[in-house]
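# Commentary on secondary and tertiary structure
So the chains spell out like this:
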Amino acid sequence: MKKHIIYAFAAVSVLPAAAQYNQSISVDGKYVPEVFRLDRINSFPKQVKFSLETNPLSYDGRSVPAAFAPSLLPLPATGWRDTREYSDSRGYLDLGAGSWLNSTLSAGYRFIDDRNTTFGVRLQHNSTSLWKPEVSETMKDTRMYRYDESIGFYGSHDFNGKGRLSGALDWHIGNFNYYGYNPQWSSFSDENAPKAPTQTLNDISARFGWQSPYRSDEITWNVEAGVRYFGYRSAYSPQKRMLIGMPDEGIMLERAPGGRETDINLLGGVNFPMSSKSSIGIDVNTDILLYSHPQVDGGYSPVQPDNYGMLTLTPYYSFSRDRLLVRIGAEIDLAFNAGEKNDRYSFLHVAPDIKLDYLAGPVAFYLHALGGSRLNTLASNYERDYYQSPLIGNSRPVYSPLDGSLGATFGPFSGFSAGADFAFRISRGEYLGGWYQQSLNYLNQVAPGLPESVYMDNADRTLSYDYNQDHTCNLHGFSIGIHASYDLGKIIKIEAKGNYQPQNGNKGYFNGYDRPRWTAGISAETNPWSTLKLKLAYDYRGVRNIYTIGNYQGGMISDADVLLSKRLPDITYLNLGASYGITSNFTVWLQADNLLNRHDELLPGLPQQGVRLAAGFGVTF
């Protein structure tokens, strides 16, 4: 099946000069703790992703990574679509359907594909529309639906070894409902209960870049320009309503235009070789964020964040000595108008950008001390939570003065490889997202799993909540990870990895809104003969806690906030997949996901589908 998931989309981002210089012996990336995205944990349909960030892989005019193709075999919860291989085929078509009317369609074709020029198109459809989760004992449950459609054009041209010009244009439209809608303190009867709110998102991006050829004795440079529009049709706010003739208060949703965000991105880099083994350089990245929340007459009018910008300069010096590669630099962030009006993000932030990599035969060691500012945008938050709030009120970036890691890898040696790492990160102003569905159900009332009161100032204080994803907290914590694999070729391939990342309030290593303490996965794949492939995978994400801010009154401080958490159920997946190649260009596949039939919440108010069966076929031409 690998050959069907490889060539769906061309990588159009160019590699910074610094990364090109490092690529010969850098060991970074063999295993680094990941930020796990909940909406990618084996969800079906898959999330479509467009990014303005540069791709860590160098551009290949023919072999391209597949960021959009469906998962034909189950992948670990800790990874998604990370297989890349070469394919000679220009076109592909992959179609699949399964339980709950889950469906996926991938298609693409490279119209031009020669030594210097590539131009192609790709299409992607993912949908689900029949599953009805049980979220209420008193009200009628809502059928979940979600449709994601995307189309993209990509191309590149090499100017006779003088450099490569590449570009891409992508459009993704999503239509879905907040299927966990279940207002808990409403006086509505089942017959006249309000329907789950619906949403439409538009995600349009364009990027063009130039990359000079890499030569160790010449100046290397690159420049890119991109723009991305990301916007929602609607925003919903739960409001109290006194219902005439009803003994209790009810809850209604007020609707306003959703948030719209435009990110204009300019980046570039230049590398000056000082010798065959050393160089100096600088990378530059600029983002200008523009916001538009159309206002309405009367009713609900959300606050619109100010437009702002960020300029990042990363000067560095790098050199190699035998098996040692060293890069010493700093990330300098200059912010303009970021954050709330009365709490602006500081103009200047400085963080280290230091990497030491050492290869000793089959063993590699690395020590990295990094950091910097991370933008808080609608588009970036969507990567963590598909059902996020369609508004952003606080544009303050997240600052990490230190993001360090120390690790070692061994192998491959006779098919065996292993590694371990230790990481430590400080995050200032990390956002507490993942609550939007819950906020539609509970307004500021206490949701299940959260405390109703807290003992403060020598008394029990009643709590209220607003579940605002603009709330932040400061974090510091560590991560310990291990991984191992054994590869006997077609006979069997076994992979296992795990992370321990303790979490307790402000102490913790950010790894998603649910901040799990343990993440682990193991998979076994066999290719008993050339036409048949089987894969079994188990994944675990345990001791999960999602945090928010509770407010209490009446203490020594008249109005104070406290960081509180809700325990989420552990996530366990057992998946089985099989594919059979009828011909070299035609393959059929079967997949069974979540065989343990777990309906646990991925985030509050968002349960997952149980056992999912799917079948399909793939054609290359």
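Residues numbered from 1 in each chain as written. Predicted model: local features only at pLDDT ≥ 70, side-chain atom pairs only at ≥ 80, totals over all residues. Heavy atoms only, no water.

## Notes on the environment of Thr 472
By secondary structure assignment, the location of Thr 472 is in strand E22 (residues 472-487). Overall, Thr 472 belongs to the partly exposed group, its relative accessible area being 34%. Residues contacting Thr 472, with those up to four places away along its chain left out, are Gly 429, Glu 430, Tyr 431 and Leu 432. (Helix = DSSP H or I, 4+ residues; strand = E, 2+ residues; numbered from the N terminus. Buried < 20%, exposed > 50% of the residue type's maximum accessible area, 1.4 Å probe, protein only. Contact = heavy atoms within 4.5 Å.)

## Some points on the pairing of strand E1 (residues 91-98)
Across seven bridges, the pairing between E1 and strand E2 (residues 103-113) is antiparallel. Paired with Leu 93 across the bridge in E2 is Ala 107. Connecting E1 to the antiparallel partner E2 that follows it, the hairpin turn spans four residues, and Trp 100 within it adopts a positive phi of roughly 60°. Note that E1 and strand E34 (residues 612-620) share seven bridges and pair antiparallel. The residue bridging Asp 94 from the neighbouring strand is Gly 618, located in E34. (Pairing = 2+ DSSP bridges.)

## A look at the pattern of salt bridges
Applying the stated criterion across every chain yields a total of 19 salt bridges. Linking Asp 343 and Arg 396 is a salt bridge whose minimum nitrogen-to-oxygen distance equals 3.6 Å. Of this pair, Asp 343 sits in strand E15 (residues 343-344) while Arg 396 sits in the loop between helix H2 (378-384) and strand E18 (398-413), placing them 53 residues apart in sequence. We classify Arg 396 as partly exposed; its relative accessible area is 23%. A salt bridge links Arg 598 to Asp 600; the shortest N-O distance between them is 2.6 Å. Through salt bridges that share partners, Asp 514, Arg 541 and Arg 544 make up one connected network. (Salt bridge = Lys/Arg side-chain N within 4 Å of Asp/Glu carboxyl O.)

## Some details on a positive patch on the surface
Taken together, Lys 132, Lys 140, Arg 143 and Lys 195 make up a surface patch of like positive charges. Along the chain, the position of Lys 132 falls in the loop between strand E3 (117-128) and strand E4 (146-158). (Patch = residues over 30% accessible without salt bridge, like charges linked within 9 Å, V, L, I, M, F, W, Y side chains within 5 Å. Areas by Shrake-Rupley, 256 points an atom, 1.4 Å probe, with all protein chains shown as cover. Lys, Arg positive; Asp, Glu negative; His and termini not counted. Charge placed at Lys NZ, Arg CZ, Asp CG, Glu CD.)

## Regarding the layout of surface pockets
Roughly 800 Å³ of volume is contained in the second largest pocket. Ser 389, Gly 393, Asn 468, Gln 469 and Asp 470 are the residues nearest the centre of the second largest pocket, which is lined by 37 residues in total. Looking at the lining of the second largest pocket, the elements with two or more residues in it are strand E8 (234-242), strand E14 (339-340), helix H3 (436-442) and strand E29 (559-568). The element contributing the most residues to the lining of the second largest pocket is E8, with three residues. (1 Å grid on protein atoms, 1.4 Å probe; cavity = no way out; pocket = protein on both sides within 12 Å on 5 of 7 lines; lining within 4 Å. Points joined across faces, edges and corners; volume = space filled by probe spheres on them.)

## Some details on the packing of aromatic side chains
Under the criterion given, the structure shown has 30 aromatic pairs. Taking the centre distance of 6.0 Å and the plane angle of 15° together, the rings of Tyr 109 and Phe 621 count as stacked. Pair noted here: Tyr 109 is in strand E2 and Phe 621 is in the segment after E34, with a separation of 512 residues, a long-range link. Ring centres of Tyr 386 and Tyr 387 lie 5.2 Å apart, and the angle between their planes is 65°; on these two criteria the pair is classed as edge-to-face. Since its relative accessible area comes to 1%, Tyr 386 is described here as buried. The class for Tyr 387 is buried, based on a relative accessible area of 6%. A network of ring pairs unites the aromatic residues Trp 131, Phe 176, Tyr 178, Tyr 179, Phe 230, Tyr 232, Tyr 236, Tyr 382, Tyr 386, Tyr 387 and Tyr 436 as a single cluster. The ring of Tyr 316 carries the charged tip of Arg 327 above its face, separated from the ring centre by 4.1 Å. (Phe/Tyr/Trp six-rings, centres within 6.5 Å; stacked < 30°, edge-to-face > 60°. Lys NZ or Arg CZ within 6 Å of the ring centre and 35° of its normal.)

## Some points on the nonpolar core
In globular proteins that are soluble, nonpolar side chains generally tend to be buried together. If you look at the biggest cluster of nonpolar residues, it comprises 52 residues, and the most contacted ones within it are Tyr 178, Tyr 387, Leu 463 and Tyr 467. If we ignore the near neighbours within four places in the chain, the residues touching Leu 463 are Val 446, Pro 451, Glu 452, Ser 453, Val 454, Gly 550, Asn 551, Tyr 552, Val 562 and Leu 564. (Core = buried A, V, L, I, M, F, W, Y, C linked by side-chain atoms within 4.5 Å.)

## Topic: the pairing of strand E5 (residues 164-177)
With 13 bridges connecting them, E4 and E5 associate as antiparallel partners. Within the sheet, the bridge partner assigned to Ile 151 lies in E5 and is Trp 171. The hairpin turn running from E4 into E5, its antiparallel successor, is five residues long, and Asn 160 in that turn takes a positive phi close to 50°. For E5 and strand E6 (residues 198-211), the ladder comprises 14 bridges, and the chain directions are antiparallel. By the bridge assignment, Asp 170 is partnered in E6 with Ser 205.

## Brief notes about a nonpolar patch on the surface
On the surface, a nonpolar cluster with roughly 890 Å² of combined accessible area is contributed by Phe 410, Phe 413, Phe 416, Tyr 486, Leu 488, Ile 491, Ile 494, Ile 522, Tyr 538 and Leu 596. Positionally, Ile 494 belongs in strand E23 (residues 493-500). Take Ile 494: its relative accessible area is 33%, and that puts it in the partly exposed class.

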